[in-house]
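# Coordinates in review
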Amino acid sequence: MMPAALSRRAEALAAERAAFVTATVVRAQRPTSVTAGSVALVLGDGTIEGFVGGTCAEQSVRAYSMQAMRSGEPVLLRILPDAVEGGEAAGEDGATTVQNPCLSGGAIEVFLEPVLPAPRVLVAGDTPIAGAVRRLGAELGLDVVRIEDSDLEPSSDDLALVVAAHGRDELHTLRRGLESALPYVGLVASPKRGAGVLAELRADGVPESLLERIDVPAGLDLGARTPAEIALSILAKIVAVRRGHAVTGPAGAHAPAPSAPRGGPAPAPAEAPAPAPAVIAVDPICGMTVAAVANTPSMLHDGETVYFCCEGCQSKFRAQSEHAVSAE
């Protein structure tokens, strides 16, 4: 069971929209120092708050927690003192087994559950369509925020901006969304009025490359008529953008998921985001899997950073390197 102080810390992190992992020990063999039920929080920078094992076990928990935050998928981490068949780490669906030769015996199994902030969708407008987007969006696990009710400014961390204001402050809001490089910017308007809004933005100096990113009329062409149906079409497009999925048009042709104005030039398909940097390294002394982050013991060797499970392994490696140099 999570201690009250740690539970409050988790609530605070969630309120700050910070990603973290809840690490719960589900099995511990003697003579390990941790017990089943122990809980810790692993933050985005690799900091561990709580106790889920000694220094060396924490390295594996840190490394695979950071991977879980990147993938968004929970994982059962098995930390064994003996050699792992197939190498230093072996994976299967939902579980990973790693070797930790530093353990004094026994084994530890830790369930790593990532807690990630819901993608935020900003909605401008107090119209029936805007209201329907807010209601349906919550059912999809989106954090849908009415932008007029707060001092929120669009940021590149947000997923989408939907402008359903029917003329009220549309130009300023659209421009802010475009300049923030949101993955999706949609304008609820008829083709005729949408063309007029684009013309006004163009006359105001907004580059054509940005105007091409406005999805107008917003959403997939589903033949929607009611506010709920229109909201569904908009959210379907946002889901496609979120998942990087190509959208199939009525003729069966695939269009890029990023938005493009109907009747206007389509932008080039968005490049896939660069893969996240590796967060896993192997201690060259003991062979243990560790996190390649700032607070992991490390040293520069032959132009590369080498990571260690503890300062003891780091000292051994330094001594071996100095001995090899002196022997030359």
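Look up: the structure comes first, before these words.
Structure report, in brief. On a predicted model such as this, the values are computed, not experimentally measured, just so you know.

## Focus: the overall build of the protein
- A tally of regular secondary structure across the protein gives eight helices and 18 strands.
- Sequence separation of at least 24 residues holds for 57% of the intrachain contacts in the protein that already meet a minimum separation of 6.
- Of the roughly 16700 Å² that the protein leaves accessible, carbon and sulfur atoms contribute 53%.

## Some words on the environment of Asp126
- Considering the arrangement of structural elements, one finds Asp126 in the loop between β8 (120-124) and α3 (128-139).
- Among the residues examined, Asp126 registers a relative accessible area of 53% and is labelled exposed.
- Between the alpha carbons of Asp126 and Arg168 there is a distance of 9.8 Å; along the sequence they are 42 residues apart.
- Residues within four places of Asp126 in sequence aside, it is in contact with Arg134, Arg146 and Ala164.

## Brief notes about the packing of helix α4 (residues 170-179) against helix α5 (residues 191-203)
- Orientation of α4 relative to α5, taken along the N-to-C sense of each, is 70 degrees, at an axis distance of 10 Å. Relative to α5, α4 is oriented roughly perpendicular. For the pair α4 and α5, the contacting residues are Glu170, Leu171 and Leu174 in the first and Arg193, Val197, Glu200 and Leu201 in the second.
- By residue class, the composition of the contact of α4 with α5 is four nonpolar, no polar and three charged.

## Points about the state of the cysteines
- Under the criterion given, the structure shown has zero disulfides.
- Here Cys309 stays free of any disulfide, with the sulfur of Cys310 as its closest cysteine sulfur at 3.6 Å.
- For Cys310, a relative accessible area of 22% translates into the label partly exposed.

## Some thoughts on helix α1 (residues 4-15)
- Under the 1.5 Å per step criterion, the end-to-end length of α1 is 17 Å for twelve residues, consistent within 8% with the ideal 16 Å.
- Those residues of α1 that sit buried are Leu6, Ala10 and Leu13. Projection of α1 onto a plane perpendicular to its axis shows the buried side chains occupying an angular sector of 65 degrees, all on one side. Summarising the geometry of α1, the exposed residues directed more than 90 degrees from the buried face are Arg8, Glu11 and Ala15.
- In this fold, the buried residues of α1 make contact with β1 (20-28), β2 (39-43) and β3 (48-50).
- Arg17 occupies a position one or two residues after α1 and carries a positive phi of about 60 degrees.

Reading the values: rules and limits
Residues numbered from 1 in each chain as written. Predicted model: local features only at pLDDT ≥ 70, side-chain atom pairs only at ≥ 80, totals over all residues. Heavy atoms only, no water. Helix = DSSP H or I, 4+ residues; strand = E, 2+ residues; numbered from the N terminus. Contact = heavy atoms within 4.5 Å. Areas by Shrake-Rupley, 256 points an atom, 1.4 Å probe, with all protein chains shown as cover. Buried < 20%, exposed > 50% of the residue type's maximum accessible area, 1.4 Å probe, protein only. Axes fitted to C-alpha atoms, helices over the stretch in contact; angles between N-to-C directions. Parallel < 35°, antiparallel > 145°, perpendicular 65-115°, else oblique. Nonpolar A, V, L, I, M, F, W, Y, C, P; charged D, E, K, R; others polar. Disulfide = S-S within 2.5 Å. Expected span 1.5 Å × (residues − 1). Arc of directions from axis to C-beta.

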